[in-house]
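Architecture and fold: a report
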Amino acid sequence: MLTGKQVAKYFLSLDSKRELFTKKRVRNENCEFYEGNARLNKLLHIAQNVYIAKTGNQLFSSPLFAYKNGAVVRSVVNNYSRLLNENDSVEIPEDTRIFLNKIYKSCYNADINELIALSHEDPEWGAKPPVNNKSQQMNPMLHVEEYKEQYADFIKVLDGMDA
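A few points on the structure.

Let's shift gears to the packing of helix H1 (residues 4–13) against helix H5 (residues 94–107). Helix packing for two helices is described by the angle between their axes and how far apart those axes are. Where H1 meets H5, the closest approach of the two axes is 10 Å, and the angle between their N-to-C directions is 60 degrees. One finds that H1 runs oblique with respect to H5. When you trace H1 past H5, the crossing you get is right-handed. Contacts between H1 and H5 pair Val7, Tyr10 and Phe11 from the former with Arg97, Leu100, Asn101, Ile103 and Tyr104 from the latter.

Let's shift gears to the side chain of Asn101. Inspection of the secondary structure assignment puts Asn101 in helix H5. Among all residues touching Asn101, those that are not within four sequence positions of it are Tyr10, Leu14 and Ala163.

Once that is clear, we can look at the packing of aromatic side chains. Scanning the model with the defined rule gives five aromatic pairs in all. The rings of Phe21, Tyr104 and Tyr108 are connected pair by pair, giving a single aromatic cluster. Between Arg25 and the ring centre of Tyr34, over which it is positioned, the NZ or CZ distance is 4.9 Å. Directly above the ring of Phe65 sits Arg74, whose terminal nitrogen or CZ lies 3.8 Å from the centroid.

Let's shift gears to the pairing of strand E2 (residues 31–34). Of the pairings in the sheet, the one linking strand E1 (residues 25–28) to E2 comprises four bridges and is antiparallel in character. Directly across from Val26, in E2, lies its bridge partner Phe33. Counting the residues in the hairpin turn of E1 and E2 gives two residues, including Glu29, whose phi is positive at 50 degrees.

It is worth spelling out the nonpolar core at this point. Counting 43 residues, the largest nonpolar core has Phe11, Phe21, Leu59, Phe99, Leu100 and Ile103 as the members making the most contacts within it. Every element with two or more residues in this core is listed here: H1, helix H2 (35–55), helix H4 (80–85), H5, helix H8 (144–150) and helix H9 (152–160). If one sorts the elements of this core by residue count, H2 sits on top with nine residues. Residues within four places of Phe99 in sequence aside, it is in contact with Ala47, Val50, Tyr51, Lys54, Leu59 and Leu158. The next biggest cluster of nonpolar side chains, apart from the first, holds five residues, and it includes Val26, Phe33, Ala38 and Ile116.

With that out of the way, let us pick up helix H6 (residues 112–120). The set of residues buried in H6 consists of Ile112, Leu115, Ile116 and Ser119. Buried residues in H6, looked at end-on, bunch into an arc of 100 degrees, giving them a common side. Where the residues of H6 are buried, they touch E1, E2, H2, strand E4 (70–72), H5 and helix H7 (123–127). Backbone nitrogen of Asn113 and a side-chain oxygen of the N-cap are separated by 3.0 Å at the start of H6; the cap is Asp111.

Taken in spatial order, the three strands make up an open sheet running E4-E3-E5, and their pairing is antiparallel. Looking at strand neighbours, the two that pair on one side only are E4 and strand E5 (136–137), the edges of this open sheet. In the sheet, strand E3 (residues 65–67) pairs with E4 via three bridges, with the strands oriented antiparallel. For Tyr67, the partnering residue across the bridge sits in E4 and is Gly70.

Counted by the stated rule, this structure contains eight salt bridges. Of the charged contacts in the structure, one is a salt bridge between Lys9 and Asp88, with a shortest N-O distance of 2.9 Å. Of this pair, Lys9 sits in helix H1 while Asp88 sits in the loop between H4 and H5, and the two are 79 residues apart along the sequence. Note on Asp88: relative accessible area 44%, which makes it partly exposed. Of the charged contacts in the structure, one is a salt bridge between Lys24 and Glu35, with a shortest N-O distance of 3.5 Å. With Lys24 in the loop between H1 and E1 and Glu35 in helix H2, this residue pair connects regions lying 11 residues apart in the sequence. Several salt bridges converge on common partners, so that one network encompasses Lys9, Glu86 and Asp88.

Each value, and the rule that gives it
- Residues numbered from 1 in each chain as written.
- Predicted model: local features only at pLDDT ≥ 70, side-chain atom pairs only at ≥ 80, totals over all residues.
- Heavy atoms only, no water.
- Axes fitted to C-alpha atoms, helices over the stretch in contact; angles between N-to-C directions.
- Helix = DSSP H or I, 4+ residues; strand = E, 2+ residues; numbered from the N terminus.
- Parallel < 35°, antiparallel > 145°, perpendicular 65-115°, else oblique.
- Left-handed = near helix turned anticlockwise from the far one by under 90°.
- Contact = heavy atoms within 4.5 Å.
- Phe/Tyr/Trp six-rings, centres within 6.5 Å; stacked < 30°, edge-to-face > 60°.
- Lys NZ or Arg CZ within 6 Å of the ring centre and 35° of its normal.
- Pairing = 2+ DSSP bridges.
- Core = buried A, V, L, I, M, F, W, Y, C linked by side-chain atoms within 4.5 Å.
- Buried < 20%, exposed > 50% of the residue type's maximum accessible area, 1.4 Å probe, protein only.
- Arc of directions from axis to C-beta.
- Polar contact = N/O pair within 3.5 Å; in protein donor to acceptor, adjacent residues only side chain to side chain.
- Salt bridge = Lys/Arg side-chain N within 4 Å of Asp/Glu carboxyl O.

Here it is, written out as structure tokens:
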């Protein structure tokens, strides 16, 4: 199984010009953060949940944590600046690369607020809202059946896309 950091590196490799994954600072709900960092973590969250809905298995083993602006992978959110500068390639199985390419393409034009809203639609995020600015570990495997229903149309769109 992959790690969240491996999947993050793969997403970063798809944006070599850094059009999406930037260091632009934004403010949302009294939090200031790099928009690209939030975007990357939202893509990880969406990819994890859709993969679970599609296969019944997790895409990556790294836990997601509920933060105010949605779910994050701590090893990614805390090392974003360093990850932007790493150029090492990541071994991803071809079928997984195809899936990740489709997630990336489907979210390419979404603005950060749309991605945060998608993250907030996760029933597990709703069950684990941050308390006193501390995050809580999420367990998406508790919601496999809900994800199958929630993402059914999205999966149909992905299945119809070119890689």
